[in-house]
Amino acid sequence: MLFRSEFVTAEFGYYGVSPWEAEVIYELFSERFKIEHEDIEQDSNFVSALRVSVPLSFNEEFFKWFEYRRWDKLKYILKEMKRRRGRKNSLKVNIGFGGTPAIEFLLDVEEKEIFDNALEKLDFVIELLSFHLNFENIEDVSKVIYKFDIPTRKWKMHTIYANNKKFVLVNNSWKMII
């Protein structure tokens, strides 16, 4: 086990989150990371928001090191947060991972059942990651943002950043945004 001074630093920020919820999530991450508080901008469309930035790559080794039990607890807490807030745009969750490219998951769906389903499927993106990151016409991808696609009930790439440019997936084709 690493000594606390050897831990890498993760960023944790939120608004509209109860002290109990924040403490539970903080404790889950503080067992593996030094935690730095990150201020996040309040989005008037959401009652609550949570952002976690992990400086490690999104891969199987991360989940083994972080422990699946701890990851399952995080998913449970997030589901409970959604349940306690009800329907509509009550909770926005952003979980980012370092690495090349950086991988970020943005979960902002209204329905609790779909929200729960998205959380359960998040860690399964690893199985398709190498396929997803095989871009034909875009080089030097530095960041990929996934959003949960409600009609297909799958995590899909939504935005990528490459060569200081932003691309959004439109009709199964990457379009550069100026």
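The rules behind each value
- Residues numbered from 1 in each chain as written.
- Predicted model: local features only at pLDDT ≥ 70, side-chain atom pairs only at ≥ 80, totals over all residues.
- Heavy atoms only, no water.
- Core = buried A, V, L, I, M, F, W, Y, C linked by side-chain atoms within 4.5 Å.
- Buried < 20%, exposed > 50% of the residue type's maximum accessible area, 1.4 Å probe, protein only.
- Contact = heavy atoms within 4.5 Å.
- Salt bridge = Lys/Arg side-chain N within 4 Å of Asp/Glu carboxyl O.
- pLDDT = per-residue confidence, 0-100.
- Helix = DSSP H or I, 4+ residues; strand = E, 2+ residues; numbered from the N terminus.
- Pairing = 2+ DSSP bridges.
- Axes fitted to C-alpha atoms, helices over the stretch in contact; angles between N-to-C directions.

**A few points about the nonpolar core**
Counting residues in hydrophobic clusters, the biggest one holds 47 residues, and the most contacted among them are Phe58 and Leu78. Sequence-distant contacts of Phe58, defined by excluding residues within four places in its chain, comprise Phe63, Phe97, Gly98, Ile103, Phe105, Leu122, Asp123, Val125, Ile126 and Leu129.

**Notes on the pattern of salt bridges**
Considering all chains together, one arrives at 18 salt bridges under this definition. Measuring nitrogen to oxygen at the nearest pair gives 2.8 Å for the salt bridge that ties Arg69 to Glu67. A residue is classified by how much of its surface remains accessible, and Arg69, at 47% relative accessible area, is partly exposed. Of the residues examined, Glu67 reaches a relative accessible area of 26% and is grouped as partly exposed. One connected set of salt bridges, linked through shared partners, spans Glu31, Arg32, Glu67, Arg69 and Arg70.

**Some thoughts on the confidence of the model for the protein**
Scored by pLDDT, the protein has a mean of 90; 96% of the residues are at 70 or more. Ignoring residues within four places in sequence, the model shows residues 1–5, a span with pLDDT below 50, making seven contacts including any to other chains.

**Side note on the environment of Leu122**
Of note, Leu122 is situated in helix 4 (residues 112–122). By relative accessible area, which is 2% here, Leu122 ends up buried. A C-alpha to C-alpha distance of 8.9 Å links Leu122 and Phe148, two positions 26 residues apart in sequence. Those residues in contact with Leu122 that lie beyond four places of it in its chain are Phe58, Trp71, Phe105 and Trp155.

**Focus: the sheet that holds strand 4 (residues 91–98)**
The sheet built from nine strands is open, its strands ordered 2-1-3-4-5-6-7-8-9 with mixed pairing. Either end of the sheet is taken by a strand with one partner, and the two such strands are strand 2 (34–37) and strand 9 (173–177). Neighbour-to-neighbour, the strand axes of this sheet turn through a mean angle of 25°, independent of strand direction. Two strands pair when backbone bridges link them, and strand 7 (residues 154–162) and strand 8 (residues 165–170) are joined in this way by four bridges, in the antiparallel orientation. By the bridge assignment, Ala162 is partnered in strand 8 with Lys165. Together, strand 3 (48–57) and strand 4 form the strand contacts of helix 3 (residues 68–85), whose direction differs from that of strand 4 by roughly 155°.

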